[in-house]
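# Fold and contact review
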Amino acid sequence: MNKEINVEWDWDNYEYYVLIPIDNQTLRMGIQLDEYTDTTIYGNIYISLYNKRKHSARNEDNIIMTGLNPFKTIYYGIKAFKLLEDAALQGYNDRFKVVIYCSWVDNRRRDAYYKFLSKRGYRYDRLFGNKVIMKTWKKGEYEQGSDND
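Starting afresh in each chain, residues are numbered from 1 along the sequence in its written order. Residue-level local features of this predicted model are given only where pLDDT is at least 70; pairs of side-chain atoms are given and counted only at 80 or more, and the full residue set underlies all totals for whole chains, interfaces and linings. For the side-chain quantities, the full set of heavy atoms in the structure was used; hydrogens and water were omitted.

All right, on to the packing of aromatic side chains then. Here a pair means two rings of Phe, Tyr or Trp (six-membered ring of Trp) with centres within 6.5 Å. Their orientation is stacked below 30 degrees between planes, edge-to-face above 60, and tilted elsewhere. Considering all chains together, one arrives at 13 aromatic pairs under this definition. Between W9 and Y14 the ring centres are 5.2 Å apart and the planes differ by 70 degrees, which places this aromatic pair in the edge-to-face class. Note on Y14: relative accessible area 25%, which makes it partly exposed. For the ring pair Y42 and F128, a centre distance of 5.0 Å and an interplane angle of 65 degrees mean the geometry is edge-to-face. Placement of Y42 in strand β4 (residues 40–50) and of F128 in the loop between β6 (123–127) and β7 (130–137) is noted, with a sequence separation of 86 residues between them. Of the aromatic side chains, those joined through ring pairs into one cluster are W9, W11, Y14, Y16, Y92 and F96. Counted as over-ring charges are cases with an Arg CZ or a Lys NZ within 6 Å of the ring centre that also lie within 35 degrees of the ring normal. Here the basic side chain of R28 rests over the ring of Y17, its NZ or CZ set 4.3 Å away from the ring centre. For the cation-ring pair, K131 lies above Y124, with the distance from its terminal atom to the ring centre recorded as 4.7 Å. Categorising residues by exposure relies on relative accessible area from a 1.4 Å probe, with only protein chains included: less than 20% of the type maximum marks a residue as buried, more than 50% marks it as exposed, and the intermediate range marks it as partly exposed. Helix and strand definitions here come from DSSP, where helices need a minimum of 4 consecutive H or I residues and strands a minimum of 2 consecutive E residues; each element is numbered from the N-terminal end.

Where the residue is not glycine, phi is negative for most of them; where a peptide bond is considered, it is trans in most cases. One non-glycine residue, Y14, lies in positive phi territory at about 55 degrees. Tracing the backbone through its elements, the reader meets Y14 in the loop between β1 (8–10) and β2 (15–22). Non-glycine residue F128 carries a positive phi angle of around 55 degrees.

As for its position among the elements, T40 is in strand β4. Overall, T40 belongs to the buried group, its relative accessible area being 6%. In the analysis that follows, any N or O atom pair within 3.5 Å is treated as a polar contact, provided that within protein one partner can donate a hydrogen and the other can accept it, and provided that, for residues neighboring in sequence, both atoms belong to side chains. Within the structure, the side chain of T40 is placed 3.4 Å from the side chain of T39, a separation counted as a polar contact. Not counting chain neighbours up to four residues away, the residues in contact with T40 comprise E35, F96, K97 and V99. Two residues qualify as a contact provided that any one of their heavy atoms is within 4.5 Å of a heavy atom in the partner residue.

This part is about the nonpolar core. Here is a general trend for soluble globular proteins: nonpolar side chains tend to be buried in one another's company. Among buried residues, those of type Ala, Val, Leu, Ile, Met, Phe, Trp, Tyr and Cys that are joined through side-chain atoms within 4.5 Å constitute a nonpolar core. Ranked by size, the top nonpolar core spans 29 residues in total, and within it I20, I45, I100 and Y122 carry the most contacts. Among the secondary structure elements, those contributing two or more residues to this core are β2, β3 (25–36), β4, α2 (70–92), β5 (97–102) and β7. Here this core takes eight residues from α2, the largest share from any one element. In this structure, Y122 is in contact with I45, F81, E85, I100, Y114, L117, I133, M134, K135 and W137, ignoring residues within four places of it in sequence.

Whether two strands pair comes down to DSSP finding at least two bridges between them. In spatial order, the strands read β1-β2-β3-β4-β5-β7-β6; together these seven strands make up an open sheet with mixed pairing. If you trace the sheet from one side to the other, it starts and ends with β1 and β6, each paired once. In this sheet, adjacent strand axes meet at a mean angle of 35 degrees when their direction is disregarded. As judged from the five bridges shared by β5 and β7, these two strands associate in the antiparallel manner. The residue bridging Y101 from the neighbouring strand is M134, located in β7. In this analysis, axes come from line fits to C-alpha atoms, helices being fitted only over the stretch in contact, and the angle between any two N-to-C directions falls in the range 0 to 180 degrees.

Spatial relationships are all this shows, so hold off on functional conclusions.
Written out as structure tokens, the structure reads:
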């Protein structure tokens, strides 16, 4: 169950992302850098699961999917998140304060996201008028490997 996970940068969408085939599905996870000021950059965490390649190619995350193998999805999702977080912080924390945050569409997802993210130091807070799960790194604060993995 060990696949190499490669973090890619998408200039069009301004995001770090991974695509991971899991059985007959594709997991797409990313951190989209969607807001910034002169001193702070904000990254939104997203996760999508696709049944067909055409859905992934079109980035159709409005299609509701269920993971066929939840244990593999969670395993690769955790590994991918750590790599994505590292990539975003390595790319920007030397010049900006970095805020990475997560929003949700229902309480079941909120609880699942918080269960994992709280172990990595993320907390509930308000951002752009919405309740989110987030973590902030001051400019230059991040060192690779300094977080408890």
